[in-house]
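Residues per chain, in single letters:
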Amino acid sequence: MRISAEALWERFEHALIESVKGGVVNDEVFDIALGYMQSSKLLYGLALENALKAEIVDVNPEDIELKIQQDGAGKTTRAYIKSLGVSNGHDLIALAEKAGIFGPKFSTILIDERSAFAFREVCRHLMEMVVWQGRYPVPMSSKEPVIFDRSLPSSLQNHYIRDMLDPMLDALQILSRSIPLSLPTFEEFP
């Protein structure tokens with residue numbers, strides 16, 4: 001997902017430059033550029049969600065709840081992760097907290113309270129992208145949309161969002177190399 005997000009981001013940058021060529025804004029090309037950016041942020045949100053979930057599997061396996069299905073003879077036919085210890089599987093802030101992102105393990109990336117606050121806001125924004133904004137033309141419920149904190153530069157939710165995401169995704173990718181690539185086989189279950 002991250003590679004696809006990066007490819008779309010490159011298309012966004014190219015289209016954005018094309019939209020302002022010669023000092024005249026081409027609104028049609030600018031709208032296309034925004035579409036690329038929105039789709040890229042959806043994929044970045046999903047990539048972050050999956051990376052956080054992988055980190056939770058590694059650091060908090062005791063909080064994972066599995067659902068195992070068996071046939072009438074007691075043979076396991078299906079197993080899947082039911083819960084990772086958070087109530088909403090798309091809540092990037094809850095997932096980040098559960099994964100220990102705001103703790104000492106990631107203090108070289110989130111070096112102070114301000115950067116941790118900014119990362120939380122990026123998570124809130126990307127959660128909106130994952131839940132509805134990147135997929136549907138209108139919200140799925142009538143709750144208020146997430147408003148990016150005005151004390152942070154608005155560019156952080158747009159063209160500088162990768163400055164927060166890339167170092168975190170890089171760190172999570174390095175950490176996830178020690179995680180097995182699959183769940184145990186059915187034969188390993190009782």
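Note that this is a predicted model, so its numbers are computed, not measured. (Residues numbered from 1 in each chain as written. Predicted model: local features only at pLDDT ≥ 70, side-chain atom pairs only at ≥ 80, totals over all residues. Heavy atoms only, no water.)

Participant: Break down the overall build of the chain for me, citing the residues and quoting the values.
Facilitator: Helix and strand counts for the chain come out as 5 helices and 2 strands. Put simply, the chain runs from its N terminus to its C terminus through helices and strands in the order α-α-β-β-α-α-α. Per-residue burial over the chain gives 34% buried out of 190 residues. Residue pairs in contact within the chain that sit at least 24 positions apart in sequence constitute 67% of those at least 6 positions apart. Only carbon and sulfur atoms are counted for the fraction: they give 55% of the accessible area of the chain, which is about 11,300 Å². (Helix = DSSP H or I, 4+ residues; strand = E, 2+ residues; numbered from the N terminus. Buried < 20%, exposed > 50% of the residue type's maximum accessible area, 1.4 Å probe, protein only. Contact = heavy atoms within 4.5 Å. Areas by Shrake-Rupley, 256 points an atom, 1.4 Å probe, with all protein chains shown as cover.)

Participant: Tell me about a nonpolar patch on the surface, and name the residues and values.
Facilitator: Judged by side-chain polarity, Val57, Leu66, Ile68 and Ile81 come together as a nonpolar surface patch covering roughly 270 Å² of accessible area. Judged by its relative accessible area of 38%, isoleucine 68 is partly exposed. (Patch = residues over 30% accessible without salt bridge, like charges linked within 9 Å, V, L, I, M, F, W, Y side chains within 5 Å. Salt bridge = Lys/Arg side-chain N within 4 Å of Asp/Glu carboxyl O.)

Participant: Can you break down the pattern of salt bridges residue by residue, with the values?
Facilitator: Applying the stated criterion across every chain, the model contains 11 salt bridges. Across the pair glutamate 18 and lysine 21 runs a salt bridge, and its minimum N-O distance is 2.8 Å. A relative accessible area of 31% means that glutamate 18 is categorised as partly exposed. The salt bridge involving glutamate 121 is made with arginine 124; its shortest N-O contact spans 2.9 Å. Of this pair, glutamate 121 and arginine 124 both sit in helix α4 (residues 113–133), 3 residues apart, which is roughly one turn of that helix. Judged by its relative accessible area of 24%, arginine 124 falls in the partly exposed class. One salt-bridge network, in which partners are shared between bridges, spans Arg2, Glu6, Arg162, Asp166 and Asp170.

Participant: Any details on α4? Residues and values, ideally.
Facilitator: Residues that lie three or four places apart on an α-helix share one face, since the helix turns once every 3.6 residues. Taking 1.5 Å per residue, 21 residues should reach 30 Å; α4 reaches 28 Å between its end C-alpha atoms and fits that length. Put simply, aspartate 112 is the residue that caps the front of α4, since its side-chain oxygen is 3.3 Å from the backbone nitrogen of arginine 114. (Expected span 1.5 Å × (residues − 1). Polar contact = N/O pair within 3.5 Å; in protein donor to acceptor, adjacent residues only side chain to side chain.)

Participant: Go over the packing of helix α1 (residues 2–19) against helix α2 (residues 27–59) with me, naming the residues and quoting the values.
Facilitator: Running from amino to carboxyl end, α1 crosses α2 at an angle of 160°, the nearest separation of the two axes being 8 Å. Accordingly, the angle class assigned to the pair α1 and α2 is roughly antiparallel. Here α1 and α2 pass one another in a crossing that is left-handed. In this structure, α1 contributes Arg2, Ser4, Ala5, Glu6, Leu8, Trp9, Arg11, Phe12, Ala15, Leu16, Glu18 and Ser19 to the contact, and α2 contributes Val29, Phe30, Ala33, Tyr36, Met37, Ser39, Ser40, Lys41, Leu43, Tyr44 and Ala47. Counted by class, the contact of α1 with α2 contains 14 nonpolar, 4 polar and 5 charged residues. (Axes fitted to C-alpha atoms, helices over the stretch in contact; angles between N-to-C directions. Parallel < 35°, antiparallel > 145°, perpendicular 65-115°, else oblique. Left-handed = near helix turned anticlockwise from the far one by under 90°. Nonpolar A, V, L, I, M, F, W, Y, C, P; charged D, E, K, R; others polar.)

Participant: Tell me about the confidence of the model for the chain, and please be specific about residues and values.
Facilitator: Scored by pLDDT, the chain has a mean of 84; 86% of the residues are at 70 or more. Model confidence for the chain, summarised as mean pLDDT per element, is weakest for helix α5 (residues 161–176) at 84 and strongest for helix α3 (residues 92–98) at 94. (pLDDT = per-residue confidence, 0-100.)

Participant: Describe the packing of α2 against α4, listing the residues and the values that go with them.
Facilitator: At their nearest, the axes of α2 and α4 sit 8 Å apart, and the two run at 110° to each other. Classified by the interaxial angle, the pair formed by α2 and α4 is roughly perpendicular. Judged by residue contacts, Gln38, Lys41, Leu42, Gly45, Leu46, Leu48 and Glu49 of α2 engage Phe119, Cys123, His125, Leu126, Met129, Val130 and Gln133 from α4. Along the lines of polarity and charge, the residues of the contact of α2 with α4 split into 8 nonpolar, 4 polar and 2 charged.

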